[in-house]
Amino acid sequence: MSVGPLSPGTRQRLLQGQADPLPAPLSRSVAIFISSTVSDMDAEREALQSTAFPEVQTFCQKNGLMFEVVDLRWGIRNTEATDHMTTELCLEELDRCRKTSIGPAFVALLGDQYGPCPVPTLIEEKEWEALRSQLASKPRDLELVARRFRRDENAVPPTYLLQALGTAETQGPEEATLTSVLRSGAQEARRLGLITQEQWHRYHWSVIEWEIDRGLLSLTDGDQGATVFLREIQDLNKHILEDCALKMVDRLADGCLDTDAQNLLSGLKGRIADTQPGVLKAHHLPWSRDLVNPKNKAHARYLKELGEQFVARANHQVLEHLREQEAGRQELAWLYQEIRHHLGLSTEATWTFCGRQELLAQLGQRLRQSDGHPHSPLVLFGPPGIGKTALMCKLAEQMPGLLGRKTVTVLRLLGMSQMSSDARGLLQSICFQVCLAYGLPLPPAQVLEAHARVVQFFHTLLHTVSCRNFESLVILLDSMDDVDSICRARRVPWLPPRCPPRIHLILSACSGKPGILDIMRQTLTDPEAYWEVKPLSGNQGQEMIQLLLAASRRTLSPGQRELLWASLPECGHPGRLRLAFEEARKWASFTIPAPLASTAKEAIHQLCARLEQTHGQLLVAHVLSYIVSSRHGLSEAELKDVLSLDDEVLEAVYQDWTPPSKELLRFPPLLWVRLRRDLGHCLARRPVDGFTLLAIAHRQLTEVIQERYLSGPERAKRHGVLADFFSGAWSQGTKKLITLPLVGKPLNLDRKVAPQPLWFSDTVANLRKLKELPHHLVHSGRFEELKQEVLGSMNWISCRGVSGGIEGLLEDFDLYGPHLDCPEVGLVRDALQLCRPALELRGMERSILYTELLARLHFFATSHPALVGQLCQQAQSWFRLCPHPVLVPLGGFLQPPGGPLRATFTGCHKGITAMGWSLEEKLLVVGTQDGLMAVWDMEEQQVIHILTGHTGEVRSVKVFGKGTLVLSASKDHTLRLWNLLSGQQKFTIWDGGSKDPTDPEIWSLHVDEAKKVVYLASGSKISAWNLETAELVFHILGDASDCWMCTAVLASRATLLTVSEGGVVSLWSSGTGKLQGRHHLSSIKEETPTCGVSVQKQGKMVTGFSKGSISLVSPGGDSLLEKLPEAVRFLVVSEDESLLAAGEEQDALDTSNEVRCLEVAQQANLLFTGLVSGVVLVFPLNSRQDVMCIPPPEARKAINCMALSKGEERLAIAYDSIVLVLDISPGDPCPVIDGPTYTFYTQLPEAISSVAVLADYRVIYGMTNGDLFLYECANSKVFPLEAHGSQVTCMQVSHKEQLAVSGSEEALLCLWDLQACKWRFQMSYTNSYCRGVQCVCFSKDDKYVYAGLKDRSIIVWSVLDGTLLAVQFVHAVVNRIIPTSNGFIAPTRHGYLIRERFQCPSSRVSQQDPLKNFKKAVWKVKSRQREELAAAAGALQDSRSASAQGNERKSNKRSQVCLLV
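What counts and how
Residues numbered from 1 in each chain as written. Predicted model: local features only at pLDDT ≥ 70, side-chain atom pairs only at ≥ 80, totals over all residues. Heavy atoms only, no water. Helix = DSSP H or I, 4+ residues; strand = E, 2+ residues; numbered from the N terminus. Buried < 20%, exposed > 50% of the residue type's maximum accessible area, 1.4 Å probe, protein only. Contact = heavy atoms within 4.5 Å. Areas by Shrake-Rupley, 256 points an atom, 1.4 Å probe, with all protein chains shown as cover. Lys, Arg positive; Asp, Glu negative; His and termini not counted. Charge placed at Lys NZ, Arg CZ, Asp CG, Glu CD. Pairing = 2+ DSSP bridges. Axes fitted to C-alpha atoms, helices over the stretch in contact; angles between N-to-C directions. Salt bridge = Lys/Arg side-chain N within 4 Å of Asp/Glu carboxyl O. Disulfide = S-S within 2.5 Å. Expected span 1.5 Å × (residues − 1). Parallel < 35°, antiparallel > 145°, perpendicular 65-115°, else oblique. Nonpolar A, V, L, I, M, F, W, Y, C, P; charged D, E, K, R; others polar. Phe/Tyr/Trp six-rings, centres within 6.5 Å; stacked < 30°, edge-to-face > 60°. Lys NZ or Arg CZ within 6 Å of the ring centre and 35° of its normal. pLDDT = per-residue confidence, 0-100. Core = buried A, V, L, I, M, F, W, Y, C linked by side-chain atoms within 4.5 Å.

Q: Go over the overall build of the chain, please, and point to the residues and values.
A: Helix and strand counts for the chain come out as 36 helices and 68 strands. The dimensions of the chain, computed from C-alpha atoms along their principal axes, are 135 × 80 × 65 Å. Across the 1461 residues in the chain, those meeting the buried criterion constitute 57%. Of all intrachain contacts in the chain linking residues separated by at least 6 positions in sequence, the fraction that spans at least 24 positions is 62%. When the accessible surface of the chain is totalled, it reaches about 61000 Å², and 51% of it is carbon and sulfur. Seen as two clouds, the 153 positive and the 163 negative side-chain charges of the chain have centres 1 Å apart.

Put into structure tokens, the structure is as follows:
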């Protein structure tokens, strides 16, 4: 198999959708064809099967490859091995291995047998005449040949077909005679030049020579992974006539030595030695009468060496090929493979396309007419088998001619590959292809992690391409019914209701029963978008069959053609015509066919019956059942393994002969190859996870298989065998009992099936097991196993998550969880849903997943021990063995499942600026800073529409019309009306606003559905428009110096009510906009309105104010409702208007003043509380003594911060420019705190923002401008330290008081040497979400620094070398970190208490980068020692850096997250 990157021209052709010529497909499989004679190499084949093949298989699996051995002589009788069709099948399989295998593809085991020469199955007319002429003088020979071969006029050109003998008794002698006759005729014809050398070989070569010639000798590009193991027995010629020796050599029917065969064998060995000596691996064995006896030590040693040599050779070839692939690795190879696969299928589908010319012309005209303006996508629909796929492929082929040579055509035959079987993979591959085709930036990793972002990117991409105003883009998606996520959904979320200019989207779907077509009609409401694909005419149907016959070089006799047309009266269904052709192509001219079925379903049943007659009912039923029962299909290697575990199949196979081995039992591969050949076009090959899987090609065939073979208990049995295989129950030497008919007693035999661990290596997951096993456990009824081994296993959850992402993991829980009557599974699923933001932010990494689940599920470990408790124990066990530094949760501290938080939506690229609910349709509408709007389905928790149109920030949205319509107002001065069900925009209104950048912050939308009027209030203006005509009703301009802060439409009073910043209430007619009255608020003085909400039943508005007042305002006056302590920030009225909720600006504690800071003296059991008034209140924690009070040095000076020394003997209290240092002395019953021991002034204009105190009366303090100072109270000396670039937010001293750490708003941490008054290390840690350091502390042993950041994460920093050891996202800002003996505790702003252990291995050689998955994060450490050394050497070097892609912090950044509570 060739490797290497695609040429630029090939890549461009693929990206543009041009199908010809296509590069070879990529492969991730190793398929080795084993060639040997039938009986001579039994011991060698069994030895390889027992030990060598499993070793190579394990090696391949560790490298992410699938391993398959093709030994068509295993497990069959000698007569079948030399059957006429076997040679042809062997060569076909050999070609398949050479095309698909990575590395080794062909291994020959060559001894002293040449093997029989099979009789050709067919002879072409000219060749027949040449042979016949040479046999004319031998009437008996001519009569034998004429009797055994019959002329087939249906072949083009005519051929002579070998006829099978009626009885097996005469088969041996007559077969030998026929071979001899043909060989002599060919010899004479070749001498006279009547046939070619190639034709002469057909009558002289044995199967093994054909195979070695095809697999090695005829190759022009080296050995291509071929190996020949040659067994030579010394002195064999001396004993050639002994009876025991004759088993190893060729002999004639009478028992004599076959000298012709031995001569041909010698010639074959000579050809190999002359042309490919490098592939020969010779083994020389001494002659012995019991040579093949297992007790023969020389033979046993030879078999051992053969196995070792096979393993070494195969593994080396695989590695060499993998190195070649890596060296010539094609970037985005998966994408080009996906495009190639669909274009290849398209080429096959259009080979015999006929008819539909009128429909093609109409579609082409529609595309050309709509190319320059927005239009609806097109949907082609019709019943299964009507020819929609061929029509879509023909359309794709004609696109350059219809819309221009540079048109980019994206074609996907959905369901025909893994990526096209689910919406997420489908959109990703389309986005990548379009971006590369048009030279646009690829979707970033942050987009690809969330399907909602991919949907948004897809919609934006279509508009970007449209705006280029150059090439057209056509996306054709065939068979929407075959996308799993669409079939399970209520909507098609990513389907744009309108296509922008030069963008065309063409879909196809099945009609006839409820399904995807009905779902699409909700989004695409234009009836002209739907085009029905009708049956072909009778003449077109006949033309199609004639084309198919001609393409396969076949024809029909007049009588057969008449019968065929009679069986298909006016049949225009291409699917049915294809089935009829598959039957008719098998008819020879002398065949008298039976009448064909009249319907497609009957024809499929007829096909199954024919297959059963040829191959046996049991084998056909089980093979087809396994393929249909699989979730994504089965590879050939997997299918042969599954059949080897199926006792019913094995008992049927070995009912007339015994298997060749007493230790192992396998299904004979030849039986599968024969059946696969007869299945033909019924099987499809689909790329899944890098492997090629077999699937049923037609939906109708799948339905018939389910009806015919999977009814009743059979369905569970088939899934049970598949579950056994994918679970690995019978792999790695585990033997399985079976009773074979001819043995009569149970045999415990090794089935030699592939092992199925979750991880093949540290980086290669068993994707096939992850995708298939849960599916089969569910459908085989093994629910307990599903619960314990899959959904309740941390090993499974982490493997599935790391390899497939959080969305794939949640999809598994959604698919299989409902089958289990287990609420604990629901808890785990909900916990995973809550983990989603952290996993999307940090990337799916094991330590993150284990931390998230443990910190959320620990709450339920005791109450739900069966599943949740076990998961927590498994997580803790993993942490104990983790080789990297890690923070280990000691209890629950994140939002648990089942709480108020339901989900977190992170699908928006820019900050969220407006939200609206559609309660009836269960939709959430979100507006963003970049003008996009997203519509979320709350039940399915996915984006169903991306509404594009606004070019400025969306400031307000209003849902109405029973939840089906939404209005949006934007800073681009437009209002847009949208249909939430279809996602289509109904109209746009320009509000006439200015382009002044100082637009008002307060916008409000109001809809009067009865009058069909929308009102927009912003700043000092109100506009009203008609909802049906979009015409302006009126426009009100207020006083720009006194803007309206609150507006309400009181429908019952037909009045608009506004409240201005200055407290003026204005009343306007809601119908005309005329002023009706104006008055000042009487109940509120010296407060500014902050928010308002209308109460329609009372015709009033509730208004909140800046100092906590809540007033009820009506056209007749106002009255005070309530007074809150702080400013009112929002008001909400319940649906029935009986309840009112108000939100304050901040909480207040029950003290005389607001609390500014807290300190706890753990040893002294004291709580120090610093107040805004400047007073420090000291609360004893273990007695009921009166509260102590420390007065401020100056009246009304607010305390900024406080700090205790590590021994708790000193307390520092910092004000703006004053620091008090107090002694805390032991006392009874409470410690004694005297007046300040030291007081000092900073004499600086900036205020103190952070302070720390040492036992020796030294004080470190940081300022709001970033300055840092060390002050020695004893001698009143101050030492300036190097400043931070922004406000110092925290300061801590180490427990030994030799070091200090400071943190600032720019996320800079400095580690200070307090003796030298210099920093040792500086660490800057920034990411796109970071806004500085909140708190820090040293570990108890002073080895580490724990820091809580404002980006809601905790980091661990090494004091020894400044290394960042661990990063943990905790979803909430940590207010403070308090060290414990092995970790820390930290309260969060969500009200949870984090308790964690920090675990750091003694050796950190293999430490992973803690930021490797953190998107857009930068960690930089500067070491003073290194800088000084570099400066001394005259070569200042850059500081060590880990991770890239820094991003500067933006001010006023809006959240990109929605919380569903």
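Q: Explain the sheet that holds strand β65 (residues 1393-1399) to me, using residue names and the numbers behind them.
A: Taken together, the 4 strands give an open sheet; going across it, the order is β18-β65-β64-β63, and neighbouring strands pair in antiparallel fashion. On the outer flanks of this sheet lie β18 (886-889) and β63 (1378-1379), each paired with one strand and no other. Where β63 and strand β64 (residues 1383-1387) come together, 2 bridges link them in antiparallel fashion. Considered in β64, the bridge of Ile1378 is made with Ile1385. In this fold helix α34 (residues 846-857) packs onto β18 and β65, with an angle of close to 20° to the strand it touches most, β18.

Q: I'd like to hear about the pattern of salt bridges, residue by residue, with values.
A: Under the definition given, this model contains 63 salt bridges. Between Arg836 and Glu807 there is a salt bridge; the shortest N-O distance is 2.8 Å. Of this pair, Arg836 sits in helix α33 (residues 823-842) while Glu807 sits in helix α32 (residues 794-816), placing them 29 residues apart in sequence. A relative accessible area of 10% places Glu807 in the buried class. Within the structure, one salt-bridge network assembled from shared partners comprises Glu68, Glu93, Arg96, Glu636, Lys640, Arg676 and Arg685.

Q: Can you tell me about the state of the cysteines, naming the residues and giving the values?
A: Enumeration over the complete set of coordinates arrives at 0 disulfides. With no disulfide partner, Cys882 has as its closest neighbouring cysteine sulfur the one in Cys1400, 10 Å distant. Using a relative accessible area of 8% as the deciding quantity, one classes Cys882 as buried.

Q: Mind laying out the pairing of strand β22 (residues 933-937), listing which residues take part and the relevant values?
A: Of all 5 residues making up β22, 5 are buried, and the element is well covered by its neighbours. Both faces of β22 are covered, namely the face carrying Met933, Val935 and Asp937 and the face carrying Ala934 and Trp936. Direction of pairing for strand β21 (residues 923-928) relative to β22: antiparallel, over a ladder of 5 bridges. Residue pairing across strands places Val925 opposite Val935, the latter belonging to β22. Relative to strand β23 (residues 942-947), β22 runs antiparallel, the two being bridged by 5 bridges. Bridge pairing in β23 places Met933 opposite Leu947. Connecting the antiparallel pair β22 and β23 is a turn made up of 4 residues, with Gln941 showing a positive phi of about 50°.

Q: For helix α17 (residues 451-467), give the residues involved together with the corresponding values.
A: With 17 residues, α17 extends 25 Å from end C-alpha to end C-alpha; this agrees with the ideal 24 Å at 1.5 Å per step. Extensive coverage of α17 is indicated by the burial of 13 of its 17 residues. Of the residues flanking the end of α17, it is Asn469, one or two places downstream, whose phi is positive at about 55°.

Q: Quick one: what's the story with the packing of helix α30 (residues 767-779) against helix α31 (residues 783-791), residue by residue and with numbers?
A: For the pair α30 and α31, the least separation of the axes is 7 Å and the interaxial angle reads 150°. Judged on the interaxial angle alone, α31 and α30 are roughly antiparallel. In this structure, α30 uses Pro774, Leu777 and Val778 to contact α31, whose residues at the interface are Phe783, Glu785, Leu786 and Val790. Here the residues of the contact of α30 with α31 sort into 6 nonpolar, no polar and 1 charged.

Q: Report on the sheet that holds strand β34 (residues 1064-1069), specifying residues and quantitative values.
A: Strand order in the open sheet formed by 4 strands is β32-β33-β34-β35, with antiparallel pairing between adjacent strands. Here the strands that pair on one side only, and so sit at the sheet edges, are β32 (1044-1050) and β35 (1075-1080). Put simply, the sheet's adjacent strands are angled 15° from each other on average, direction ignored. Pairing analysis gives 6 bridges linking β32 to strand β33 (residues 1055-1060), with the strands arranged antiparallel. Residue Trp1044 lies in a different strand from β33, and its bridge partner there is Ser1060.

Q: Any chance you could break down the environment of Ala621 for me, citing the residues and the numbers?
A: Topologically, Ala621 is positioned in helix α24 (residues 617-629). Taking the C-alpha atoms as reference, Ala621 lies 29 Å from Arg28; in sequence the two are 593 residues apart.

Q: Outline unusual backbone geometry, listing residues and values.
A: Following Val156, the chain continues into Pro157 via a peptide bond in cis, with omega recorded as -5°. In this structure, Pro157 sits in the loop between β5 (149-152) and β6 (159-162). Here the phi dihedral of Arg502 falls at roughly 65°; this positive angle occurs in a residue that is not glycine. Judged by relative accessible area, which is 14%, Arg502 ranks as buried. Even without a glycine there, the phi angle at Arg1352 is positive, about 75°. Of note, Arg1352 is situated in the loop between β60 (1344-1349) and β61 (1353-1358).

Q: Describe in detail the side chain of Asn766, supporting the description with residues and values.
A: Tracing the backbone shows Asn766 in the loop between β17 (746-750) and α30. Each residue touching Asn766, except ones within four places of it in the same chain, is listed here: Gln756, Pro757, Leu758 and Phe760.

Q: Go over the environment of Gly355 with me, naming the residues and quoting the values.
A: Tracing the backbone shows Gly355 in the loop between α12 (333-350) and α13 (357-370). With relative accessibility at 10%, the residue Gly355 sits in the buried group. Separated by 207 residues in sequence, Gly355 and Glu562 have C-alpha atoms that sit 22 Å apart. When sequence neighbours within four positions are dropped, the list of residues in contact with Gly355 reads Leu536 and Gln540.

Q: Requested: an account of α24, with residues and values cited.
A: With 13 residues, α24 should reach 18 Å at 1.5 Å per residue; the first-to-last C-alpha distance of 18 Å fits that figure. Burial within α24 is extensive, with 11 of its 13 residues counted as buried.

Q: If you had to explain the pairing of β5 to someone new, which residues and values would you point to?
A: With 4 bridges connecting them, β5 and β6 associate as antiparallel partners. Opposite Phe149, over in β6, you have Leu162 as the bridge partner. Taken together, β5 and the strand that follows it, β6, pair antiparallel across an intervening segment of 6 residues.

Q: Provide a residue-level description of the packing of aromatic side chains, including the pertinent values.
A: Applying the stated criterion across every chain, the model contains 23 aromatic pairs. In textbook terms, an aromatic cluster arises when at least three aromatic residues are bridged by ring pairs, as seen for Phe53, Phe67, Phe229 and Phe310. The ring of Phe381 has Arg521 sitting right over it, with the charged end atom 5.8 Å from the ring centre. The ring of Trp759 has Arg846 lying over it, and the distance from NZ or CZ to the ring centre is 4.5 Å.

Q: Explain the confidence of the model for the chain residue by residue, including any values.
A: With 92% of its residues at a pLDDT of 70 or more, the chain shows a mean pLDDT of 87. Note on residues 1146-1151: pLDDT under 50 across the span, and 4 contacts to partners over four residues away in sequence or across chains. Taken together, the stretch residues 1435-1452 has pLDDT below 50 and engages in 35 contacts with residues farther than four places along the chain or on a different chain.

Q: Outline the packing of α31 against α32, supporting the account with residue identities and numerical values.
A: Across the interface, α31 lies against α32 with an axial gap of 13 Å and an inter-helix angle of 145°. Where α31 abuts α32, its residues Leu786, Glu789, Val790 and Leu791 lie against Trp796, Ile797, Phe813 and Tyr816. Tallied by class, residues from the contact of α31 with α32 come to 7 nonpolar, no polar and 1 charged.

Q: Report on the nonpolar core, specifying residues and quantitative values.
A: Residues Ile212 and Leu832 are the most contacted members of the largest nonpolar core, which totals 126 residues. With 9 residues, the single largest contributor to this core is α32. With sequence-adjacent residues up to four places away left out, Ile212 is seen in contact with Phe106, Ala108, Leu110, Leu217, Leu268 and Ile272. By size, the runner-up hydrophobic cluster in this structure holds 64 residues, among which are Tyr336, Leu427, Val434 and Leu473.

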